[in-house]
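# A look at the structure
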Amino acid sequence: MRKNSAKQTSLRRYIICPMDTKLFDGKAFAQKIEAELKQKGVSAKLVSILMGDNPASVLFLSLKQKAAERVGAVLEIKKFEVNTLQEEIIHFIEVLNSDNSVKGIMIQLPLPSGFDREKIIGSISPEKDIDGMRDDSHFTAPVVMAIWAAITDSKIQLKEATIVGANGFVGKKLTAF
């Protein structure tokens, strides 16, 4: 964020919040969803593919793995070095596509330079693309579902909404939802 931005300062002065503004407790909501999933007996095997050693990606995957464990699912992380050939990664995905024990496949983004994101994501079968990255995925992107669940849970009555960043990946998925 830029310091001393006159536009940002003046804009903040004129943002009006309705009197019935509700704060959404994301942590409590996540705990509620996890409890529901645990009660249902979720036991799916998921595989997440990590290319390289981006510290943010490694941290995010460890958080995903802990969340999976809390609900009774298994998240297997397959790490590839940045010098791995793209064809080897695609072959690995094709093997996972035909493995009936694997219920979902995720690619941890961002990919290191030199990898074709669309080609790698496109190699995941639509039935196993649990991140909803493909246009023909059988799943909706988790962040889109989380936004929708937050709106639904808060019982906000939307007549009209503005999506900031509607051209980005999440924004496109959210406007299509």
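We now turn to the structure provided with this report. If you're wondering where the values come from, they're calculated on a predicted model, not measured in any experiment.

## A look at the sheet that holds strand E2 (residues 74-80)
- Read from one edge to the other, the open sheet built from 3 strands follows the order E2-E1-E3, with strand pairing classed as parallel. Where the open sheet ends on each side, the last strands, each with one partner, are E2 and strand E3 (102-107). Averaged over all pairs of adjacent strands, the angle between strand axes in this sheet comes to 20 degrees, irrespective of strand direction.
- Two elements, strand E1 (residues 45-51) and E2, share 7 bridges in a ladder whose sense is parallel. Within E2, the position partnered with Lys 45 by the bridge is Val 74.
- Along the sheet face, helix H3 (residues 55-71) touches E1, E2 and E3 and points at about 160 degrees away from the line of E2.
- Helix-sheet contacts for helix H4 (residues 86-97) involve E1, E2 and E3, and the interaxial angle to E1 is about 175 degrees.

## Focus: the pattern of salt bridges
- Throughout the structure, instances matching the rule amount to 5 salt bridges.
- Two residues, Glu 34 and Arg 70, come together in a salt bridge whose shortest N-O distance is 2.7 Å. Taken together, the positions of Glu 34 in helix H2 (residues 26-40) and Arg 70 in helix H3 put the pair 36 residues apart, joining distant regions of the chain.
- Relative accessible area serves as the criterion here: at 42%, Arg 70 is assigned to the partly exposed category.
- Salt-bridge contacts for Asp 136 lead to Arg 134; the nearest nitrogen and oxygen are separated by 2.7 Å.
- Relative accessible area serves as the criterion here: at 41%, Asp 136 is assigned to the partly exposed category.

Reading the values: rules and limits
- Per chain, residues are indexed from 1 in the order of the written sequence.
- Selection of residues for local features in this predicted model requires a pLDDT of at least 70, selection of side-chain atom pairs for listing and counting requires 80 or more, and totals for whole chains, interfaces and linings are taken over all residues.
- Here the side-chain values reflect all heavy atoms present in the structure, with hydrogen atoms and water set aside.
- DSSP bridges decide pairing: two strands pair if at least two such bridges lie between them.
- Secondary structure counts use DSSP, requiring at least four H or I residues in a row for a helix and at least two E residues in a row for a strand, with both numbered from the N terminus.
- Only the stretch in contact is used when a helix axis is fitted, and all axes are lines through C-alpha atoms; the angle between N-to-C directions ranges over 0 to 180 degrees.
- Note on contacts: a residue pair is in contact if any heavy atoms of the two residues lie within 4.5 Å.
- Counted as salt bridges are all cases of a side-chain nitrogen of Lys or Arg within 4 Å of a carboxyl oxygen of Asp or Glu.
- The classification of residues rests on relative accessible area computed with a 1.4 Å probe and restricted to protein chains. Under 20% of the type maximum is buried, over 50% is exposed, and intermediate values are partly exposed.

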